[in-house]
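A closer look at the structure
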2 protein chains.
Amino acid sequence: MLNSGLGVKDIVDNPKSIFYLLNQEEKDELQHHISLAHYRRNEFIFKEGDKPTGFLLLVDGKVKIFKEGVGGREQIVRMAKPLGVIGYRALFSDEIHNSSAVTLEESLVCTVSPEFIYTRALKNSDFSFKIIRKLSKELGFSNSRTVTLTQKHIRGRLAESLLLLKEKYGFEHDGTTLKVYISREDIANLSNMTTSNAIRTLSTFANEKMIAIDGRKIKILDANRLERVSKLG
Amino acid sequence: MLNSGLGVKDIVDNPKSIFYLLNQEEKDELQHHISLAHYRRNEFIFKEGDKPTGFLLLVDGKVKIFKEGVGGREQIVRMAKPLGVIGYRALFSDEIHNSSAVTLEESLVCTVSPEFIYTRALKNSDFSFKIIRKLSKELGFSNSRTVTLTQKHIRGRLAESLLLLKEKYGFEHDGTTLKVYISREDIANLSNMTTSNAIRTLSTFANEKMIAIDGRKIKILDANRLERVSKLG
DNA sequence: CACTTTGTATGTTTTAAAGCATCAAAGTTA
DNA sequence: TAACTTTGATGCTTTAAAACATACAAAGTG
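Notes on the structure follow. Because the structure is predicted, anything quoted here is derived from the model rather than measured.

What to know about the protein's contact with DNA strand D
Within the structure, DNA strand D sits among 17 residues, and H153(A), I154(A), N197(A), R184(B) and S203(B) are positioned closest to it. A breakdown of the atoms of DNA strand D within 4 Å of the protein gives sugar and phosphate a share of 68%. Within the side chain of N197(A), a nitrogen or oxygen atom sits 2.4 Å from a phosphate oxygen of DNA strand D. Breaking the surface near DNA strand D down by element, the ones donating at least two residues are helix 6 (154-169) and helix 8 (195-207) of chain A together with helix 7 (184-191) and helix 8 (195-207) of chain B. It is helix 8 of chain B that contributes the most residues to the surface near DNA strand D, four residues altogether. The residue inventory of the surface near DNA strand D, partitioned by class, reads three nonpolar, eight polar and six charged.

Right, here's the structure in full:
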């Protein structure tokens, strides 16, 4: 169960939050333009084709952002973690969402009204610049993914995805188990391969002692070797 | 030969230029922070790994922006046309370039100093917002490309690339010939396929009367059918 | 509780696209 | 203009990954 005691204060006072850099006056006003929503596991936050309702900040939980491709096959373009921003690309480009967001686990999302973002936040050049920086990094990531997903072989793509999950969500207290509960299908959709091939290749990695699998629990046993497999393609 | 008479005036006074929306004072100051460079065909403007030297605007010519992938295989991530902005992603994310830019033809590029961009342009919220919008659109494009390049079959990918070239550069006076002189290898690198397959599939499209080829001149004979081939994957 | 659905695991077959080889045409340089 | 290099065109072979087929376990559902 989530800590439902989380409130707006905790969001604006956390240095990792994008709203942290607003000045006090702006923060005060933000209170009137913000709302919190709770989602269970596997719920849509927004769907491809929806009109953006605001600027979304994932307060707690984990979310996958994906696009539907040929024959409904989905490609995960990004994973979000707490205090990550979601759905802002469509808002800023004034388009409908071209990707969907679904929770991987119980999550808390706060929505900030477009009015506040446009008339207040974006007038603050620190905020604007932070957004520019975020978009630039994400664009760099997306371009890199395009290349690796098209050019690397299955093993390389899967290794890269596992390392990506490690970077994004880190480990449990044991220091080896990935701190994310994700289906084989989602691993496949993250790595541009079929579910069968994700399962098969995970098994191979486990046989080779690079990882250990116990249901959905994945332990990274040899990150260096995964790096090498990822680099080799 | 390029019209070398092009100057800073022509850049700031063109409504399609991002600098058009600066106020007069900012425009005046811009003059002292701008320089023009001329490139011949197939010259590098910047290379993957280079440190960004400034904010670049393609004044005239055509440029491909690409990343090196597995085994040196290149993937074109974007094509630029006059008054398009290049190399700004790396500048704003404060990273080294993660892609290279090479001219497809004789080109003119203007460089604006990072100081002017940071201390002046980005303080103008109209400019910042234009950049945010540009990045957002490009990110949407990149995410879409990831999906189509990984999921569509060869015919779909090539059809999409031809339509992309059409959208970007348009037609010659005859209304059918693509206004870009591009090698089969570049078409392949744009479409995530080998040069052989690009050549082969172009021939097939020509046999099917969707296009006509005469050396590097490509005529789009049936754009609707190309759209259909592109959509079907 | 049985019953259906969903997720995981593997083996087998098929296929799209890469890889390779060869040749012709067009450009470039000596 | 001859020699060389690059680019374009096509056929043939190989291969990586999809597609398909079961089987079985786990998790929901009536």
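Overview of the side chain of K27(B)
Residue and element names in this part refer to chain B. Within the secondary structure, K27 is located in helix 2 (residues 24-30). Here K27 is buried and forms no salt bridge, its nearest opposite-charge partner D13 lying at an N-O distance of 4.5 Å. Beyond its immediate sequence surroundings of up to four residues, K27 is in contact with V12, D13, F19, Y20 and L22.

Quick look at the relation of the copies chain B and chain A
The two copies are related by a screw operation: chain B maps onto chain A through 180 degrees of rotation and 0.0 Å of translation along the axis, at an RMSD of 0.0 Å. These values place the two chain copies in the arrangement generated by a two-fold rotation axis. No C-alpha of chain B approaches the rotation axis more nearly than that of T146(B), which lies at 2.3 Å. Interface overlap between copies: 100% of the residues of chain B at the interface are likewise at the interface in chain A, consistent with a symmetric, same-surface contact.

Quick notes on the sheet that holds strand 7 (residues 100-103) of chain B
Pairing within the open sheet is antiparallel, and its four strands lie in the order 2-7-4-5 (chain B). Both outer strands of the open sheet, strand 2 (44-46) and strand 5 (74-80) of chain B, are each paired with one neighbouring strand and no more. Each neighbouring strand pair of the sheet contributes to a mean axis angle of 30 degrees, computed without reference to strand direction. By the bridge criterion, six bridges tie strand 4 (residues 63-68) of chain B to strand 5 of chain B in an arrangement that is antiparallel. Bridge pairing in strand 5 of chain B places V63(B) opposite A80(B). The strands touched by helix 5 (residues 125-151) of chain A within the sheet are strand 4 and strand 5 of chain B, with strand 5 of chain B carrying the most contacts at an inclination of about 140 degrees.

Let's talk about the pattern of salt bridges
Counted by the stated rule, this structure contains 30 salt bridges over all chains. Between R120(B) and E29(B) there is a salt bridge, with its nearest N and O atoms 2.8 Å apart. Note that R120(B) is positioned in the loop between helix 4 (114-119) and helix 5 (125-151) and E29(B) in helix 2, a separation of 91 residues in sequence. Owing to a relative accessible area of 22%, R120(B) belongs among the partly exposed residues under this scheme. In this structure, the salt-bridge partner of K64(B) is D186(B), at a minimum N-O distance of 2.8 Å. Of this pair, K64(B) sits in strand 4 while D186(B) sits in helix 7, and the two are 122 residues apart along the sequence. The class for K64(B) is buried, based on a relative accessible area of 9%. Counted as one network, the salt bridges with shared partners bring together K64(A), E74(A) and D186(A).

How each quantity is defined
The numbers attached to residues start from 1 for each chain and follow its sequence in the written order. The lettering of chains begins at A and the numbering of ligands begins at 1, in the order of writing. Per-residue local features of the predicted model are confined to residues with pLDDT of at least 70, and side-chain atom pairs are confined, for both listing and counting, to 80 or more; whole-chain, interface and lining totals are unaffected and use all residues. Processing note: side-chain calculations cover all non-hydrogen atoms of the structure and skip hydrogens and water entirely. By convention in these notes, a residue is near a molecule or strand provided one of its non-hydrogen atoms lies within 4 Å of it. Whenever two N or O atoms come within 3.5 Å, that pair is a polar contact, provided that in protein one can donate a hydrogen and the other can accept it, and provided that, for residues adjacent in sequence, both atoms are side-chain atoms. Under the scheme used here, helices are H or I runs from DSSP no shorter than 4 residues and strands are E runs no shorter than 2 residues, and both carry numbers assigned from the N terminus. Put simply, Ala, Val, Leu, Ile, Met, Phe, Trp, Tyr, Cys and Pro go in the nonpolar bin, Asp, Glu, Lys and Arg in the charged bin, and everything else, Gly too, in the polar bin. Residue exposure (1.4 Å probe, protein chains only): buried if accessible area is under 20% of the type maximum, exposed if over 50%, otherwise partly exposed. Residues scored as charged are limited to Lys and Arg (positive) and Asp and Glu (negative), so that His and the chain ends carry no count. Salt bridges are defined by distance alone: a side-chain nitrogen of Lys or Arg within 4 Å of a carboxyl oxygen of Asp or Glu. What makes two residues a contact is simply this: any of their non-hydrogen atoms within 4.5 Å. Least-squares superposition of the copies uses the C-alpha atoms of those residues scoring a pLDDT of at least 70 in each of them. Strand pairing follows a simple DSSP-based rule, namely that at least 2 bridges must link the two strands. Interaxial angles span 0 to 180 degrees and are taken between N-to-C directions of axes, which are lines fitted to C-alpha atoms, for helices over the stretch in contact.

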